[in-house]
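# Observations on the three-dimensional arrangement
So you can see what is in the structure, the chains are spelled out below.
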Amino acid sequence: MTGVALAEELLLLAYDDTTGKATMPRISLDLGMAAAVLVELALAGRIAYADGSLTVVDPTPTGEPVADEVLGRLAADTPHTPASWVQRLRHGLRDRILGDLCTQGVVRDVDETELGFIHVHRYPVVDRSVEADTRQRLTEALTGAAAPDERTAALATLVVVLRMETALGMGGGEAATARQRLEEIATGAGFSGQVSTDDSVVRPSVGLVVAALATAVDAALGKRA
């Protein structure tokens, strides 16, 4: 597995480049990043869905630190459902990924004090090239300029589940059109959560993680699953 991790791409889309603040509910983002790591591992052939749980089928490290830590946790723990893992992994994940992006020089940590004692951290972008590449891939997928590859389709699926159309700079009717296209990409890639037993092992694994994420986000936002 090479390049920028899905969870990193998702986080960069969710944070305002200038203010360095999240532009969406943080609980949704935390759940989304947890799902992104699981999707990444499924796409890499490291985990699969079996007998109601996510199971490690290949313990070989991917080379991506956060994904490999999660892979180790899955291998060492008792089997759990996709929904359980999405909830288990969300705690502390955002801070870890923000720290990694700071180390890489992609964002910087601005530590400010409010009311004289409350520390507030902002993470404005320093290197815009990473997010620019992510946005270009999504734009090409949305416009049909290029058929999305597997990872871009997975990212598009996470974006639509998390209702992040506005993070792509779209509003109103444009956002509705983008959402429809994102849903088409998710369905076409087999990542929509509508899982068939005839699919390859990757599709059910990703689809069930996506379905678990959608349910968790609905619950977190007080909406019906």
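As a reminder, the structure under discussion sits directly above these lines.
Every chain's residues receive numbers from 1 upward, in the order its sequence appears when written. Thresholds applied to this predicted model are a pLDDT of at least 70 for local features of residues and 80 or more for the giving and counting of side-chain atom pairs; totals over whole chains, interfaces and linings are not thresholded and use all residues. Excluding hydrogens and water, the side-chain figures rest on all heavy atoms present in the structure.

## So, the overall build of the chain
When helices and strands are tallied, the chain shows nine helices and four strands. Secondary structure follows DSSP: runs of H or I at least 4 residues long count as helices, runs of E at least 2 residues long count as strands, and numbering of each begins at the N terminus. Counting helices and strands in the order they occur from the N terminus, the chain gives α-α-β-β-α-α-α-β-β-α-α-α-α. What you see for the chain is a C-alpha radius of gyration of 17 Å, in line with the 17 Å of a compact globule of 225 residues. For the chain, the spread of C-alpha atoms along the three principal axes comes to 55 × 45 × 35 Å. Burial status follows relative accessibility: with a 1.4 Å probe on protein chains alone, a residue under 20% of its type maximum counts as buried, one over 50% as exposed, and anything between as partly exposed. Taken over 225 residues, the chain has a buried fraction of 46%. In this description, contact between two residues means that some pair of their heavy atoms is separated by no more than 4.5 Å. In the chain, the share of contacts with a sequence separation of at least 24, taken over all contacts with a separation of at least 6, comes to 60%. Methods summary: accessible areas were calculated by the Shrake-Rupley approach with a probe of 1.4 Å, and residue burial reflects only the protein chains presented. For the chain, the accessible area works out to roughly 10500 Å², and carbon and sulfur atoms hold 51% of it. Computed over 20 positive and 31 negative side-chain charges, the separation of the two mean positions in the chain equals 5 Å. Between the two quantities, the radius of gyration covers C-alpha atoms and the globule rule is 2.2 Å times the number of residues to the power 0.38. In this tally Asp and Glu are treated as negative and Lys and Arg as positive; neither His nor the chain ends contributes. Throughout, a charge is located at the NZ atom of Lys, the CZ atom of Arg, the CG atom of Asp or the CD atom of Glu.

## Some points on the side chain of Arg90
Along the polypeptide, Arg90 turns up in the loop between helix H4 (82-89) and helix H5 (93-103). Here, a salt bridge means any side-chain nitrogen of Lys or Arg that lies within 4 Å of a carboxyl oxygen of Asp or Glu. Although Arg90 is buried, it forms no salt bridge, and the closest oppositely charged side chain is Asp30 at an N-O distance of 5.0 Å. Looking at Arg90, its side chain comes within polar contact range of the side chain of Gln87, at 3.0 Å. Residues contacting Arg90, with those up to four places away along its chain left out, are Ile27, Asp30, Leu31 and Ala34. Polar contact criterion, stated in full: a pair of N or O atoms within 3.5 Å, where within protein one must be able to donate a hydrogen and the other to accept it, and residues adjacent in sequence count only if both atoms are side-chain atoms.

## Some remarks on the pairing of strand E3 (residues 110-114)
Here, a strand pair is defined by DSSP locating no fewer than two bridges between the strands. Where E3 lies against strand E4 (residues 118-122), five bridges are found, and the strand directions are antiparallel. By the bridge assignment, Glu114 is partnered in E4 with Ile118. Hairpin connection of E3 to E4: three residues between the antiparallel strands, including Leu115 at a positive phi of 60°.

## Here we look at H5
Within H5, the full set of buried residues consists of Leu93, Arg94, Ile97, Leu98, Asp100 and Leu101. On an axial view of H5, the arc spanned by its buried residues comes to 160°, and they lie on one face. In H5, the exposed residues that point more than 90 degrees away from the buried face are Asp95 and Thr103. On its buried side, H5 packs onto helix H1 (6-14), helix H2 (26-43), helix H3 (65-76) and H4. Phi turns positive, to about 80°, at Gly105, one or two residues after H5. The directions considered for the arc are those from the helix axis to the C-beta atoms.

## Points about the environment of Gln180
Residue position: Gln180 is located in helix H8 (residues 172-189). Sequence separation of Gln180 and Val160 is 20 residues, and the distance between their C-alpha atoms is 8.8 Å.

## Looking at helix H6 (residues 129-143)
Here a helix's expected span is defined as the number of its residues, less one, multiplied by 1.5 Å. Here H6 contains 15 residues, and its C-alpha end-to-end distance of 21 Å stays within 8% of the 21 Å for a straight helix at 1.5 Å per residue. If you check which residues of H6 are buried, you get Val130, Glu131, Thr134, Arg137, Leu138, Ala141 and Leu142. Seen from one end, H6 has its buried residues packed into an arc of 135°, which puts them on one side. Trailing H6 by a residue or two, Gly144 shows a phi angle of about 80°, which is positive.

## As for the packing of H1 against H5
Between H1 and H5, the shortest axis-to-axis distance is 10 Å and the interhelical angle comes to 90°. Put simply, H1 runs roughly perpendicular to H5. Together, Ala7, Glu8, Leu11 and Leu12 of H1 and Arg94, Ile97, Leu98, Asp100 and Leu101 of H5 make up the contact between the two elements. Lines fitted to the C-alpha atoms define the axes, with helices restricted to the stretch that makes contact. Angles between their N-to-C directions range from 0 to 180 degrees. Every angle not falling under 35 degrees, over 145, or within 65 to 115 is termed oblique; those three ranges are roughly parallel, roughly antiparallel and roughly perpendicular.

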